[in-house]
Every structure is written in C-alpha cells, then in structure tokens.
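Spelled out from the first residue to the last, the chains are:
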Amino acid sequence: MGKQGSPRSPRPTPKNANSLFRMKDYYIRNSDSLGSSDPSIGRRILGADNYWNSKVVLLHGMKNDSGKFNPCKSVHVGKRHLWFRRHVKSIAFMFVLMAFLFLLDSLMVSIFGSINLQRSSTTRNYGHHEEVNVAYIHEERPTVQIYGRLLNLASSALAEEEFKQDGLSFWEEPYRQASKWKPCADRKYPTSSGKPEKSNGYIMVSANGGLNQQRVAICNAVVVASLLNATLVVPKFLYSNVWKDPSQFGDIYQEDYFMRILEDDVDIVKELPPQLKSLDIEAIGSLITDADIAKEAKPNDYVSSVLPLLVRNRVVHFLGFGNRLGFDPLPPDLQRLRCKCNFHALKFVPKIQEVGSLLITRIRKYHVAQRQLDKQLLGDFIPSISSKGHTAARGPSRYLALHLRFEEDMVAYSLCDFGGGAQEKKELEAYREVHFPLLIERLKNSRPVSPVKLRKLGRCPLTPEEAALVLAALGFKRETYIYLAGSHIYGGSFRMHPFTSLYPNLVTKETLLTSSELAPFRNFSSQLAALDFIACATSDVFAMTDSGSQLSSLVSGFRTYYGDGHAPTLRPNKKRLAAILSENNTIGWNTFEDRVRKMIEEGQRVRVRGSGRSIYRQPRCPECMCRSQ
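Residues numbered from 1 in each chain as written. Predicted model: local features only at pLDDT ≥ 70, side-chain atom pairs only at ≥ 80, totals over all residues. Heavy atoms only, no water.

(A) Broad picture of the state of the cysteines. All chains considered together, the criterion is met by 4 disulfides. There is a disulfide in this structure between Cys184 and Cys626, and the S-S distance comes to 2.1 Å. Between Cys184 and Cys626 the disulfide shows an S-S torsion of about 100 degrees. By sign, it is right-handed. Highlighted residues: Cys184 in the loop between β2 (181–183) and β3 (202–207) and Cys626 in strand β15 (residues 625–627), separated in sequence by 442 residues. The side chain of Cys416 participates in a disulfide bridge whose partner is Cys460; the two sulfur atoms lie 2.0 Å from each other. Its S-S torsion of about -90 degrees marks the bond between Cys416 and Cys460 as left-handed, since a negative value means left-handed. Of the two residues, Cys416 is situated in the loop between α15 (408–414) and α16 (421–435) and Cys460 in the loop between α18 (451–456) and α19 (464–473); the sequence distance between them amounts to 44 residues. When the cysteines of the protein that form disulfides are numbered from the N-terminus onward, they connect as 1-8, 2-4, 3-7, 5-6. (Disulfide = S-S within 2.5 Å. Helix = DSSP H or I, 4+ residues; strand = E, 2+ residues; numbered from the N terminus.)

(B) Region of the structure containing the sheet that holds strand β13 (residues 541–544). Across the sheet, 5 strands lie side by side as β12-β10-β9-β13-β14; this open sheet has parallel pairing. Only two strands of the sheet have a single neighbouring strand rather than two, namely β12 (506–507) and β14 (569–570). Pairing analysis gives 4 bridges linking strand β9 (residues 400–403) to β13, with the strands arranged parallel. Within β13, the residue paired with His403 across the bridge is Met544. Running over the sheet, helix α23 (residues 525–537) touches β9, β10 (482–485) and β13 and is turned about 145 degrees from β10. (Pairing = 2+ DSSP bridges. Contact = heavy atoms within 4.5 Å. Axes fitted to C-alpha atoms, helices over the stretch in contact; angles between N-to-C directions.)

(C) Spatial organisation of the nonpolar core. If you look at the biggest cluster of nonpolar residues, it comprises 90 residues, and the most contacted ones within it are Ile203, Phe258, Tyr302, Phe318 and Tyr483. Among the elements that take part in this core, helix α6 (residues 211–227) stands out by supplying 10 residues, more than any other. Among all residues touching Ile203, those that are not within four sequence positions of it are Val224, Ala225, Leu228, Ala230, Thr231, Leu232, Val233, Val316 and Phe318. Ranked by size, the runner-up nonpolar core spans 53 residues in total, among them Phe170, Cys460, Val541 and Val596. (Core = buried A, V, L, I, M, F, W, Y, C linked by side-chain atoms within 4.5 Å. Buried < 20%, exposed > 50% of the residue type's maximum accessible area, 1.4 Å probe, protein only.)

See the structure below:
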C-alpha cells in the first residue's frame, strides 16, 4: 500500500501496445479532420499522399470562389463521381478492414483481461506467487538491492540445482540426540506439593502486548498464583492502540480446558466473587503496574512485596505484567508448571483450529501423516490422511515457514540503515517520533551507535534480501513452498522483489484463504497471529530472522517440545552473518554456502537449557522434558 505523495516510477508501456494505440489514434485524427465520406481516405491509408494533396489544393480553390457558376466546376464534379464509381470497391474494402481491426483490438483486450482475472482468482485461492497478497506498506518505490553480486550468484546456483535430486539435509534435524527428548511436563510426581487447602486471595492479571506476549504473561501468572497460594482469575487482555484487538482469553483459548488441565495445581475461576467485585482496587493499594515490580523479578520479590498486599486485601491486580517473572532461580515444581501451562493447557478455540487446519491443507495440497505437533495445535480438526497415493503432481508435500521480522516498528527501532536512502531515513525518523518518544529522548542524551557498527554487532533485522541469500546458501531449491508469517513487510514489493526473484512460491494466510474465510478474523490481530503460529509450528522447517521475537521463540520451543526430533528450526547468528555479508564484493559462492551452513548447524546443536534462558524457547531441561537413554 503506497504512501500518499510518494514518488512513482514511470510505468513502461509494451511496444506492441504503443504501436496499436498510435494506429487507432491515427484513424481517429484523420476521420475527425476530413470527414468519413471523403473518398481520399482509402488513398491516404495506402500512401497516395501526392494524389491527395493535389485534390486538396483544387477543392480549396473552389471553396474560395465567389460562389458563381463555373463550368470547370461542373467538369470536375463529373470526374469526381466517375472516380467514386471506379473505386467504390476499394473504399468499401478499407472501411471493412478498419472495422475488422477495431473488432480484433477489442477482442484481444477482452481475452487478455479475462486471463489476468483468472490468474488473479487462481492466485487468491491457491497461493501462486504472481499476486502474493502480502500486506505491504510504502508500496511504490524502486527495488533496493544491497547484495546484487551475491543475488546473481545465488540465482545461478539455484538454476543449476533445479533438476538435481534433492540431497538437502536441512529438511531434517541434523542431530539424533534431538529425538531422545520427550514431552513430560504434564506428568504427576509424588514429590509435587499440589495446591494448598486454603487460598490467600485472588490474583487478577490484565496482560498487554500481542498474542505471544500475552501467552507468556498467562503462564507467568499461573506460576505466581501457585507461588503465593492464590486463586487465579482467568486473565484479561488489555486493548492496545498498536494491536487494536479487543479479543479476550475465551476468544483465543479454550477456558474450560485451561482450567481443567491445571486444576490439580492452581485454583482458577472466571471472575471475582461478588463481595470483592465492588472494591476499588487502586484505592486500597492492590493495583500493581509494571513500574511497581522489576522486570524478570525473582520469586522472593513477589513473596516480600506482593504477598502482604494479597493477604491484607484478599485481591491484587497486575496491570501489564510484561516479562515480570524471571526464569531462574525458580523451584522445579514451578518451572514444570510453567511448561505445563504453555505446552498443555493453552489450546486454541475450535474456530481458530478449524481455519488453521484449512490453512495447512491448502499449503500442502493434500493431507499428510498425523503428528503429535499437529494434534496438539489442531485438536479435532486435524486433517485425516488422504486415501490416495501422494504424488508430486498434486502439490508440495512439505513447506518452509519463515518469520521475516521486518515490520516498520522493528526497522525503525533498530536505528539501522537498510539502503533506502534519504526518503527511508526521513520516514523512519518520523515513525520513531510518533511511536518511540522514549527512544528519542534517550538518543538526545547519549552518543548514538553508528548504523555500520550496529550491523557488525548483529543488531539489525535481516532484510528479505538477506533471508533469501541464507535459504539459497542452505540449498533450498527455487520451487520450495514458503509460508510467510506476519505479512506486514516494511517497504513493500520493492523490498520483497529480491526474495521473490529467488523464491517465487511465496504464500501467506491472505493468499491461501478466501475473503469469507478470513472475514471473522479481520479486526482481530491476535487471532490472525494464532493462524500464523499454527502454520509456523506445523511446518516441515521453520526459519526465523530474529531469535528475540516472541513468535519465533514460542514457535521454536513448541517444535522442540512436540517435534520428536523431526521439526528443524533455522536460527541465523546475525553477528556472524553480517561478517559474511560484509565480503559481498569478493566472496565466492561455494565459500558463502559453506560459512552460512556452518553458522546454521551451530544453532541446531542439541543443548540443555542454560540458566536464565527462556523455558518457552528452550524446553530441553529436566523440569520440562524427559530424556530417554
């Protein structure tokens, strides 16, 4: 969607169309100036210009006459009628020829118009790449290419690989140890203390952010309720001017299922009891904002500052609750409860599961074997296995999901340079002033880091061009089906062009689903994000461009937990990749491939979660998963 007032590139006109339009214009100008009954039109078209010029001079002289009778005039008129009779067939032929050309022109326009309409319709229904309906911003701009030389090398490499047998290893987990870790957070342990007989009061939570931030807040709230021996009220979601989504817990997750799965660990109710509803939470001092409690707070912080309020007032209300509970140190029972909430208790409502199932079926073109990952996400709507044999002609059996974190907010906040020139710099500065005033104030009081240094440090979001180069270096073929999550790409098609030039089979939920199928989700960004979550989590390969993204973290953790060692995730190291790309002008393609592959393989090593690391992203630990021998 182009910005008003943005410069537009001149649109090239097909040569054939120009010649055709000039010919039509030629006919119109002559007929308007000479009149359709003039016998010389046929000669004019046939090129008898000298003959026509002599006639014009003679007629012009007659028109300037005083109007008196002239015998020469009679003779000329007689000759003119004689000429008419001799050439009437030629004149008729030329008129028929002109009519035929006009009809042919109309017919061709109609045919090509219907073909374009059919292509557009086909793309909408099946996700072909010609009209990828990604929600772009700042659409009308020239294409930006920073790594033109590498793109040319990548294109040549993909062309050579097109007809070779696919020996790519990145469709599978490279390490066998990954399959030894199994889900077990929902197991009951004899040492588990369970929930207390008496509750200290009620905890309310109003979570901010989008779908994934709210998911983390829910599970952190469950843990805090257990820690403080409290009853949890089903969390509420704050309305955000950024997300603009009024969805509440029950619009996204199954409330009763959530309460049932956690009933042995925490008491959960849908609302406060009547005697507490009338309390002014803020007036009695029980409203706790993010400013009142530290980010990544420890359990002792809650016991010392929140528990006394809870016991005294019987209720506390956490407002915001963004990342307000650290990962370590935390007792094993509470860490296990965190995993149980995230991986077992939060199931999408049937409305989301049904459309998510339809989305996956449209990508794959046919049903595949059921996996634990699919069952957990799709529930009763998991597609049944097709009775017919799987053939390549029926469509792709596998696909790669890509979370391309290149939205305008991410790009603006990074303070990096992305090669868009002065106009891009001006736009991003204006965006920061509106959306990130605190960042602006901080920049005024500190010495900013240069964009070049930020890139070297790995702090810049990967562009679509860089993401395409990584996939090409890993050996993914040109025909690979790629699902693009998020879809709000800064810069629009001029940014996506380097990507689609290498990988044209790019689809989104907007191209795979019809308008009527998407209609119930249109004004609910969190519910749309849930569809992206499903498509990414159930993909054969999931590629992220920013490991700090909540969606990427939660999806990769979900794939680790339920993937059974067969759900690979690609995590580029942005600092290492920046160093590789800095050699764009000299590096050979084989060297580029080798270095990128080593970088990705390093990120795929099977590691036990380290202290302080997110258990949602890295669930391989004794509190969350069990390791078989």
